[in-house]
Amino acid sequence: MNGRPVVLDIDHSVGPLADRLVVPLEHWQEALRFGCTLSTLARFRRVLDETLPTAHGTVLLGSGDFHHLSWPLIERTHARTPFQVVVLDNHPDNMRYAFGVHCGSWVRRVAMLPQVSQVHVVGITSGDIGRAHAWENYLAPLRRGKLSYWCLDVDVGWARRLGLAHAFHRFDDPQALVAGFLAARRQLPTYLSIDKDVFAPEVARTNWDQGRLQLEHGLALIDGLQGGLVGSDITGEISHYRYRSWLKRRLSAIDEQPAVDPTELAAWQAQQHALNERLLAAIGRAG
């Protein structure tokens, strides 16, 4: 994988990266942010097909509210052989959603793609995979071996009782998680998707509740990928937006999305920019 990094500039949250290609898409923000209908995402997929060059580097999506845009990016990835998808994320992004697809439900769609051999979501500390929310997870990709969770801090004993223990890998600390994932990894071509909410808040503040990984853990995971990268994206920038849609405001509140402090926003975005540069450098080495 090589080429210029691409910024899908929907929420103006990504800093001025060197040699970037910026695609102005602010007019899509209300329609896409948090979630959208399948027909809306299909229209956006056509925009990507018409806009993105055939060869490009990492795609930066903006806020984690846009992580479902990884689905069309992965779908249009050209690879000669099946590839795995590695998602660094504090959440499983495999939750039920009744209105199309959203930033917490897209992984199931990717696991259904025939060119994707398996999806690994690495770094989860969210209660979304705990017993209280077990019914919200799509179980079919976990049962079929197309999806696995690599997690910290969460009691996932319910999975064993349902015959899903093979899909859940729980560790006591980030270092053990990194070592366990890298020891078990398959040397396959990889699409890498990073949601920076996988990192602890002191690494970079995001729009969502955050995990425990430090920067060195993320870099070790990237450096340990073998078999080459066929594509990559980064999300988890921090930005402030008020939905015009009552439904999106309500769904965001139900998901307990934290508010963004406008007085801190510039400093948090500067911190995010520095993290992007480190992640892009590591992806460049891995590719």
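S.K.: Account for the overall build of the protein, naming residues and giving values.
M.R.: Looking only at helices and strands, the protein features 10 helices and 11 strands. In terms of overall dimensions, the protein is globule-like: its C-alpha atoms have a radius of gyration of 17 Å, near the 19 Å expected for 287 residues. When the 287 residues of the protein are sorted by exposure, 60% land in the buried category. Across the protein, every contact between residues at least 6 apart in sequence was considered, and the portion connecting residues at least 24 apart equals 76%. Surface summary for the protein: the accessible area is close to 12200 Å², and the carbon and sulfur share equals 52%. Charged side chains of the protein number 30 positive and 30 negative; the gap between the two group centres comes to 8 Å.

S.K.: Residues and numbers for the packing of helix H7 (residues 174-184) against helix H8 (residues 215-223), please.
M.R.: Running from N to C, H7 and H8 point in directions that differ by 0 degrees, and their axes come no closer than 10 Å. Judged on the interaxial angle alone, H8 and H7 are roughly parallel. On H8, the residues touching Pro174, Gln175, Val178, Phe181 and Leu182 of H7 are His217, Ala220 and Leu221. The residue makeup of the contact of H7 with H8, split by class, is 6 nonpolar, 2 polar and no charged.

S.K.: I'd like to hear about the environment of Ile234, residue by residue, with values.
M.R.: Take Ile234: it is sitting in strand S11 (residues 229-237). Once the C-alpha coordinates of Ile234 and Val59 are considered, the two residues, 175 residues apart in sequence, prove to be 6.4 Å apart.

S.K.: Which residues make up helix H9 (residues 246-254), and what values do they have?
M.R.: For H9, the full list of buried residues reads Lys248, Leu251 and Ser252. The arc that holds every buried residue of H9, seen down its axis, measures 100 degrees, which confines them to one face. Facing away from the buried surface of H9 by more than 90 degrees, the exposed residues are Trp246 and Ile254. Packed against the buried residues of H9 are helix H1 (29-32) and strand S3 (35-36).

S.K.: Could you give me a rundown of the packing of aromatic side chains, with the residues and numbers involved?
M.R.: Under the counting rule described, the total for this entry stands at 9 aromatic pairs. Between Trp150 and Phe181, the ring centres sit 5.1 Å apart and the planes meet at 85 degrees, which makes this aromatic pair edge-to-face. Separated by 31 residues along the polypeptide, Trp150 in strand S8 (residues 147-152) and Phe181 in helix H7 bring together distant segments of the chain. Since its relative accessible area comes to 5%, Trp150 is described here as buried. Ring plane angle 80 degrees and centroid distance 5.3 Å describe the contact between Trp158 and Phe168, whose orientation is recorded as edge-to-face. Residue Trp158 is located in helix H6 (residues 157-161), and its partner Phe168 is located in strand S9 (residues 168-171); the two are separated by 10 residues in the primary sequence. Comparing Trp158 with Phe168 shows no difference in burial state: the two are buried. A connected cluster of aromatic rings, assembled from ring pairs, spans Phe34, Tyr97, Phe99 and Trp208. Above the plane of the ring of Tyr138 lies Arg108, whose end atom (NZ or CZ) is 4.1 Å from the centre.

S.K.: I'd like a description of the nonpolar core, backed by residues and values.
M.R.: Counting residues in each nonpolar core, the largest one holds 48 residues, and the members touching the most others are Leu8, Leu32, Ile74, Val85, Val110, Val119 and Phe168. Every residue in contact with Leu32, bar those within four places of it in the chain, is listed here: Ile10, Thr40, Leu41, Phe44, Asp65, Phe66, His68, Leu69 and Lys248. Within the second largest apolar cluster, 34 residues are counted, among which are Leu88, Leu152, Phe171 and Phe181.

S.K.: Requested: an account of the sheet that holds strand S10 (residues 190-195), with residues and values cited.
M.R.: Hydrogen bonds between backbone groups are what pair the strands of a sheet, and the pairing can be parallel or antiparallel. Here 9 strands make up an open sheet; going across it, the order is S2-S1-S4-S11-S10-S5-S7-S8-S9 and the pairing parallel. Two strands lie at the open edges of the sheet, namely strand S2 (21-24) and S9, each paired on one side alone. The average angle at which neighbouring strand axes cross in this sheet is 15 degrees, direction not considered. As paired elements, S8 and S9 share 4 bridges and run parallel to each other. When the sheet's bridge partners are listed, Tyr149 is paired in S9 with Phe168.

S.K.: Hey, could you go over helix H10 (residues 265-286) for me, with residue numbers and the actual values?
M.R.: The first and last C-alpha atoms of H10 sit 31 Å apart over 22 residues, in line with the 32 Å expected at 1.5 Å per residue. Every buried residue of H10 is listed here: Leu265, Trp268, Gln272, His273, Leu275, Asn276, Leu279, Leu280, Ala282, Ile283 and Ala286. Looking at the packing, one finds that the buried side of H10 touches strand S4 (59-63), S10, H8 and S11.

S.K.: Break down unusual backbone geometry for me, with residues and values.
M.R.: Phi at Asp19 takes a positive value of approximately 60 degrees, unusual for a residue other than glycine. One can find Asp19 in the loop between strand S1 (6-9) and S2. Notably, Asp93 is not glycine yet its phi reads approximately 55 degrees, a positive angle. When you line up the elements, Asp93 lands in the loop between strand S5 (83-88) and strand S6 (101-102). Since its relative accessible area comes to 4%, Asp93 is described here as buried.

Rules behind the numbers
- Residues numbered from 1 in each chain as written.
- Predicted model: local features only at pLDDT ≥ 70, side-chain atom pairs only at ≥ 80, totals over all residues.
- Heavy atoms only, no water.
- Helix = DSSP H or I, 4+ residues; strand = E, 2+ residues; numbered from the N terminus.
- Rg over C-alpha atoms; globule rule 2.2 N^0.38 Å.
- Buried < 20%, exposed > 50% of the residue type's maximum accessible area, 1.4 Å probe, protein only.
- Contact = heavy atoms within 4.5 Å.
- Areas by Shrake-Rupley, 256 points an atom, 1.4 Å probe, with all protein chains shown as cover.
- Lys, Arg positive; Asp, Glu negative; His and termini not counted.
- Charge placed at Lys NZ, Arg CZ, Asp CG, Glu CD.
- Axes fitted to C-alpha atoms, helices over the stretch in contact; angles between N-to-C directions.
- Parallel < 35°, antiparallel > 145°, perpendicular 65-115°, else oblique.
- Nonpolar A, V, L, I, M, F, W, Y, C, P; charged D, E, K, R; others polar.
- Arc of directions from axis to C-beta.
- Phe/Tyr/Trp six-rings, centres within 6.5 Å; stacked < 30°, edge-to-face > 60°.
- Lys NZ or Arg CZ within 6 Å of the ring centre and 35° of its normal.
- Core = buried A, V, L, I, M, F, W, Y, C linked by side-chain atoms within 4.5 Å.
- Pairing = 2+ DSSP bridges.
- Expected span 1.5 Å × (residues − 1).

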